Amino acid sequence: MAALPKEPRQKMINIMYLVLTALLALNVSAEILNAFKVVEYSLSGSNTVLGESNKAIYDQLEAMLKDPKTSDKAAIWKPKADQVRSLAQDVFNKLETYKQGLKEESDFNKKTGEFKEDDIEAPTRYFTAGGHGAELYQSLGEFKIKLLAIDKDLSDQLGEKLPLNLEIPKSNAGNTLSGDKVTDWVNSYFHMTPTVAALTILTKFQNDVKNSENIAAAFCANQVGSVKLVLDKFEPLVGTSSNYLMPGEEMIVTAGLGAFNSNVKPLVTIDGRTISVNASGVAESKFSVGGAGAKSMNVIVSFIDPNTGEKRSVAKKVNYTVGVPSGVAASADKMNVLYIGVDNPLTITAGAGSEKVSAQFSGGTISKAGGSSYIVKPNPGSYGEQTVTVLVDGKSVGKVGFRVKQLPNPTAYVGNLRPGTVPSASFKAMGGLIAKLEDSEFDAPFEVVSYKVGALSSDVPDYAPIDNKGPRWSGSAAALINKLKPGALVAITDITVKGPDGRTRVLPSGLSYNLK
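Residues numbered from 1 in each chain as written. Predicted model: local features only at pLDDT ≥ 70, side-chain atom pairs only at ≥ 80, totals over all residues. Heavy atoms only, no water.

## A short note on a nonpolar patch on the surface
Piece 1. A grouping of L456, Y463 and L489 is seen on the molecular surface, where their side chains present a nonpolar patch of about 260 Å² in accessible area.
Piece 2. Looking at the secondary structure, you find L456 in strand β20 (residues 447-456).
Piece 3. For L456, a relative accessible area of 36% translates into the label partly exposed. (Patch = residues over 30% accessible without salt bridge, like charges linked within 9 Å, V, L, I, M, F, W, Y side chains within 5 Å. Areas by Shrake-Rupley, 256 points an atom, 1.4 Å probe, with all protein chains shown as cover. Salt bridge = Lys/Arg side-chain N within 4 Å of Asp/Glu carboxyl O. Helix = DSSP H or I, 4+ residues; strand = E, 2+ residues; numbered from the N terminus. Buried < 20%, exposed > 50% of the residue type's maximum accessible area, 1.4 Å probe, protein only.)

## Points about helix α8 (residues 195-224)
Piece 1. Across its 30 residues, α8 extends 44 Å between first and last C-alpha, which sits within 8% of the 44 Å expected from 1.5 Å per residue.
Piece 2. Extensive coverage of α8 is indicated by the burial of 28 of its 30 residues. (Expected span 1.5 Å × (residues − 1).)

## Examining the sheet that holds strand β12 (residues 357-361)
Piece 1. Reading across the sheet, the four strands line up as β10-β16-β15-β12 and stay open at both edges, with mixed pairing between neighbours. Two strands lie at the open edges of the sheet, namely β10 (338-339) and β12, each paired on one side alone.
Piece 2. Pairing of β10 with strand β16 (residues 395-405), which is carried by two bridges, proceeds in the parallel orientation. Within β16, the residue paired with Y339 across the bridge is K405. (Pairing = 2+ DSSP bridges.)

## Let's talk about the side chain of D119
Piece 1. Relative to the helices and strands, D119 resides in the loop between α3 (71-105) and α4 (122-129).
Piece 2. As a buried residue without a salt bridge, D119 has its nearest oppositely charged side chain in K116, at a separation of 4.1 Å.
Piece 3. A distance of 2.9 Å separates a polar side-chain atom of D119 from the backbone nitrogen of E121.
Piece 4. Not counting the four nearest positions on each side in its chain, D119 is found in contact with E105, S106, R125, T193, P194 and T195. (Lys, Arg positive; Asp, Glu negative; His and termini not counted. Polar contact = N/O pair within 3.5 Å; in protein donor to acceptor, adjacent residues only side chain to side chain. Contact = heavy atoms within 4.5 Å.)

Written as C-alpha cells, this is what we have:
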C-alpha cells in the first residue's frame, strides 16, 4: 500500500533537533518565537494529514473484515491494528495533557488563551522539577515497546524504521552529560527552554507517534491485502538547520512533501534556484549566510497531483535572522571599539543571574568588575576583530565581535592654553607641555617625552629650535622662553609622547603661540 513517507519527515525532524538545541538561549527574540510558531503550525498540519491517513487505513480494514474474500485475514490483523490505534491515542492524549499543563505553568489565561511564550523557567519546573519529563520519557519508551510487541513480524520488519527516537540529542553548545540517560534526555529538551519551543517539541513527539501509528497500521493492512489510499492533501515540509546564525555560518534548507509518492517527485526551488531532490523526494540546499539582520527565503514545492494529474505548487516563506545570538548582549560602555592600553568597561547580559554569567576575550583579558560590569584589557598588538565569548554556567551562549584599536593621538597644550594669541605672563607661568585625549570618555594619561622650542622676536632674530627633555621646559629652552617679550612668536614642534600602552609616538602637528 502507499503510506506516508518516512525518510522526508525523519530528515525534517532531525533538522528540527538541531534547530531546537541550537536555540536554547536564555532570552529569545520575537523573531525566534515566531519561528517556533511556524514550525509548530507546520507540525500540527502534518499531524492532521497523518490522522486522516490513519483513519483511511482503519476504515479500509473495517471494509476488509466485511468482505468475504478478505474477512479471514482481516479478523486476525484488524484487532492488532486496533491495538496500534489505542496505544497511539493514549500517548498522543497524554502529550496533549502535558502541553496544557505547561501552558498553565506559564501563566495561562483561560479567557484569552495567552501564556508567557518566552518563559524559560516554566518548562524546567514542569518537566525537570515536576517529574513530568521522566514520565514522558517512560510513556514514549513504553509506547514503542508495546507497539512492536503486538506482532513479531511487525517488530522484525519495522523495529528500526519507526521515527520515534529517544536518544539524547547531541549538544552543539558543549553541554556535559550527567550519565543518567533519563535526566540528560529531559534536560536536553526542556532545561531552560522557552515555553513555545517546549510546546513545539511536544508536538514533534505527537508527530512521531502519529507517524509510527501510520507505519504500524499500514503494515497490518498490508498483511490482509492492498489498501487504496487517496492522497488529497499535501503538506510542504520545509526545515532549516537554524533560524538564527552568525555572519558566514552555513544554512541548510531541506524541502519536500508530507504526502509523498516515489512516482511523484516534487520540483523544489529556493529563491529561484532549482534544487534537485533525492530518492526520498527531499531537496537539500547548503549556503553561507551573509551579513546581520532579518532575512527570508522563498521555497516553492511543485508537483503533479496523482489524483487529478494537475500541476500544483505550494510556496513557503522561511524567515531567519543573522546577527548576535539571541539573549546575549555585550556593549562597550564608553566607545564602540576596545582600545589597547586602557581599561575598557563592558556591560554583559545573558538573560540569567549575573552570578552565572562569565566571559572570555580572544585578544587579551576580561575580568568581572561586579554584577554585569566587566573590564577588558586588549593585549598590545591585538589589532582588528576580536571576540567576547559569553558563558552561562561555563557554557557558551553567544559571541560578540569588537574592533580593537590603538588609542588616538592626544592633543598637546602649553598648560591649559590653546594655540593662538595669549598673554606673555600666562604663557611663561604654564611652565611646560601637557598632552591629553580630547572629547574622550577614557582617563588615558599621556606623558610628554620631548619636544623642540623655537622663537622669533626683536630680541631673537634667528629661529633656532632648542631640544627639551620632559614635559617642563628646562635648560636652554627655559632660558629662551623666560627672555621673550610681548610680540614674540613661539613654535613648539616634534612633540613626542608616550601613551598608557607604553607606545611612544610623535604628534603629527606642532603648536604656535603669539605672545601679547
